[in-house]
Amino acid sequence: LRGADLSGANFYEAVLRNADLSNATLIGAYLEGAYLGGVDLGWADLTDSDLTDSYLSDASLYRANLCHASLYNSSLYEADLTYANLSNANLSYTDLRYAYLGGANLSYANLYRAELGGADLIVADLSGANLSNAQLGYANLSNVDLIAANLSWAHLIGANLSGAELDGAELS
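Attention in this report is confined to the structure presented alongside it.

Quick notes on the rules
- Residues numbered from 1 in each chain as written.
- Predicted model: local features only at pLDDT ≥ 70, side-chain atom pairs only at ≥ 80, totals over all residues.
- Heavy atoms only, no water.
- Helix = DSSP H or I, 4+ residues; strand = E, 2+ residues; numbered from the N terminus.
- Rg over C-alpha atoms; globule rule 2.2 N^0.38 Å.
- Buried < 20%, exposed > 50% of the residue type's maximum accessible area, 1.4 Å probe, protein only.
- Contact = heavy atoms within 4.5 Å.
- Core = buried A, V, L, I, M, F, W, Y, C linked by side-chain atoms within 4.5 Å.
- Phe/Tyr/Trp six-rings, centres within 6.5 Å; stacked < 30°, edge-to-face > 60°.
- Salt bridge = Lys/Arg side-chain N within 4 Å of Asp/Glu carboxyl O.
- Polar contact = N/O pair within 3.5 Å; in protein donor to acceptor, adjacent residues only side chain to side chain.

A short note on the overall build of the chain
Along the chain, the regular secondary structure elements total zero helices and zero strands. Computed over its C-alpha atoms, the radius of gyration of the chain comes to 15 Å, within 12% of the 16 Å expected for a compact globule of 172 residues. Projected onto its principal axes, the C-alpha coordinates of the chain cover approximately 45 × 20 × 20 Å. Taking all 172 residues of the chain together, 49% fall into the buried category. Long-range contacts, defined as pairs at least 24 residues apart, comprise 0% of the intrachain contacts of the chain with a sequence gap of at least 6.

Some words on the nonpolar core
With 59 residues, the main nonpolar core has Leu-61, Leu-81, Leu-106, Leu-111 and Leu-121 as its most contacted residues. Look past the residues within four positions of Leu-121 in its chain and what remains in contact with it is Leu-101, Gly-102, Leu-106, Leu-116, Leu-126, Ala-139, Asn-140, Leu-141 and Val-144.

What about the packing of aromatic side chains?
A full pass over the atoms with the stated rule returns seven aromatic pairs. Each ring, one from Tyr-12 and one from Tyr-30, has its centre 5.8 Å from the other, and the planes form 10 degrees; the classification is stacked. The class of Tyr-12 is partly exposed, set by a relative accessible area of 44%. Residue class for Tyr-30 comes out partly exposed when judged on its relative accessible area of 29%.

What to know about the environment of Tyr-77
Looking at Tyr-77, the relative accessible area reads 27%, which means it is partly exposed. For the pair Tyr-77 and Ala-4, spaced 73 residues apart in sequence, the C-alpha separation works out to 26 Å. Not counting residues up to four positions away in its chain, the partners in contact with Tyr-77 are Ser-57, Asp-58, Asp-95, Arg-97 and Tyr-98.

Quick word on the pattern of salt bridges
This model, assessed by the stated rule, comprises two salt bridges. Across the pair Arg-2 and Asp-20 runs a salt bridge, and its minimum N-O distance is 3.8 Å. Between Arg-97 and Asp-95 there is a salt bridge; the shortest N-O distance is 2.8 Å. For Arg-97, a relative accessible area of 32% puts it in the partly exposed group.

Description of the side chain of Thr-52
Given the relative accessible area of 13%, Thr-52 is considered buried. Separated by 3.1 Å, the side chains of Thr-52 and Ser-70 make a polar contact.

Structure (structure tokens):
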């Protein structure tokens, strides 16, 4: 399925373990409840896709485009989202523990109550993101853009915020 155009496809509760979907076009695809553990979605375009309640642990989403995608309540434990575009994505209640998000664009993303403990977000763009009540314990947030981000009630114990830009961020 590498490089395939699967725009608008219905993969409801599909099992695609370790599949190669790199460079695939999945714009507006319906992947709710899909099992995508270990899947290669590097460079894939998942704009406006619905991945609610999906399992993507250990998946590669390197440079994937997930702009406006819904990953509500999904598991991306130890997933590689390096340089991924998650701007305006819904990641509330999502498990991103130990995920690699270095250089990712998470601007205006909804990360309400997301689990990001131990995640690597070095140089990520979280400007305008909603991180209220998020778990960020021991996350690497060094040199992260948190301008105008909402961090109210976020748990930051042990998080590395060295060099982070916090202008206009809500920290109450």
